[in-house]
Amino acid sequence: MTKPVILCVDDEKVVLKSLKAQLKEAFGDAYTYELAEAADEALELIDELVEENVSIILIVSDWLMPGMKGDEFLVQVHHKFPHIIKILLTGQADEEAIERAKQQAKLHYCLYKPWSEAELVEVIKLGLSQL
């Protein structure tokens, strides 16, 4: 049986590597950690995983990315997959975008860059406890 997926979306490779390392350290091999550098890449990946009957349980997404902002991405994901826990990670999201994600994507939490590993892990544990 395949492990559930935690998906991280950010246009900065260094952020993705850092997130993956922190998640792997906190949660070990309980999950598969997938990375995408843009919202459209993430949407394609989600479709592929769903086709393969792989469960995506949580997404950590940057807000400011080329092409599509994180709040728009999470709203799209929510319309197709409302059960996925959604976390916005941002250094510069405006309050309107965060509010839109809360209202239209059932945003679980908004973390601000630079984030603390302890807060990231705690927020994810809290989110996963709601599954």
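In what follows, the accompanying structure is described. This one's a predicted model, so the numbers in the text were calculated from it and none came from an experiment.

## Some remarks on helix α5 (residues 117-128)
Item 1. Here α5 is twelve residues long and its end C-alpha atoms lie 16 Å apart, about the 16 Å a rise of 1.5 Å per residue gives.
Item 2. Buried residues belonging to α5 abut α1 (13-27), β3 (56-62), β4 (85-90) and β5 (109-112).

## Here's the deal with the pairing of β4
Each regular strand shows side chains that alternate between the opposite faces of the sheet.
Item 1. Buried residues dominate β4, accounting for six of its six residues.
Item 2. In β4, alternate side chains face the same way, and those of Ile85, Ile87 and Leu89 on one face and Lys86, Leu88 and Thr90 on the other are all buried.
Item 3. Read as a crossover between parallel neighbours, the route from β3 over helix α3 (residues 70-80) to β4 is right-handed.

## What to know about the pattern of salt bridges
Item 1. Applying the stated criterion across every chain yields a total of six salt bridges.
Item 2. The residue Asp29 makes a salt bridge to Lys24 at a minimum N-O spacing of 3.6 Å.
Item 3. For Asp29, a relative accessible area of 54% corresponds to the exposed category.
Item 4. Taking relative accessible area as the criterion, Lys24 reaches 40% and is therefore assigned partly exposed.
Item 5. One network of salt bridges, with partners in common, ties together Asp10, Asp62 and Lys113.

## Let's talk about the packing of α1 against α5
Item 1. Remark: α1 packs on α5, axes separated minimally by 10 Å, with the N-to-C direction vectors making an angle of 60°. For α1 against α5, the interelement crossing comes out right-handed. Between α1 and α5, the residues in contact are Leu19, Gln22, Leu23, Glu25, Ala26 and Phe27 and Glu117, Leu120, Val121, Ile124, Lys125 and Leu128, respectively.
Item 2. Of the residues belonging to the contact of α1 with α5, the class tally is eight nonpolar, one polar and three charged.

## Overview of a negative patch on the surface
Item 1. Taken together, the side chains of Asp40, Glu41, Glu44, Glu48, Glu51 and Glu52 present a region of like negative charge at the surface.
Item 2. Note that Glu44 resides in helix α2 (residues 39-51).

## A few points about the environment of Val54
Item 1. Tracing the backbone through its elements, the reader meets Val54 in the loop between α2 and β3.
Item 2. Remark: the alpha-carbon pair of Val54 and Val5, spanning 49 residues in sequence, is separated by 7.3 Å.
Item 3. With residues up to four places along the chain from it excluded, the contact list for Val54 reads Thr2, Lys3, Val5 and Leu49.

Procedures and definitions
Residues numbered from 1 in each chain as written. Predicted model: local features only at pLDDT ≥ 70, side-chain atom pairs only at ≥ 80, totals over all residues. Heavy atoms only, no water. Helix = DSSP H or I, 4+ residues; strand = E, 2+ residues; numbered from the N terminus. Expected span 1.5 Å × (residues − 1). Contact = heavy atoms within 4.5 Å. Buried < 20%, exposed > 50% of the residue type's maximum accessible area, 1.4 Å probe, protein only. Right-handed = clockwise from strand over helix to strand, strands pointing away. Salt bridge = Lys/Arg side-chain N within 4 Å of Asp/Glu carboxyl O. Axes fitted to C-alpha atoms, helices over the stretch in contact; angles between N-to-C directions. Left-handed = near helix turned anticlockwise from the far one by under 90°. Nonpolar A, V, L, I, M, F, W, Y, C, P; charged D, E, K, R; others polar. Patch = residues over 30% accessible without salt bridge, like charges linked within 9 Å, V, L, I, M, F, W, Y side chains within 5 Å. Areas by Shrake-Rupley, 256 points an atom, 1.4 Å probe, with all protein chains shown as cover. Lys, Arg positive; Asp, Glu negative; His and termini not counted. Charge placed at Lys NZ, Arg CZ, Asp CG, Glu CD.

Purely spatial values, then, with no claim about function.
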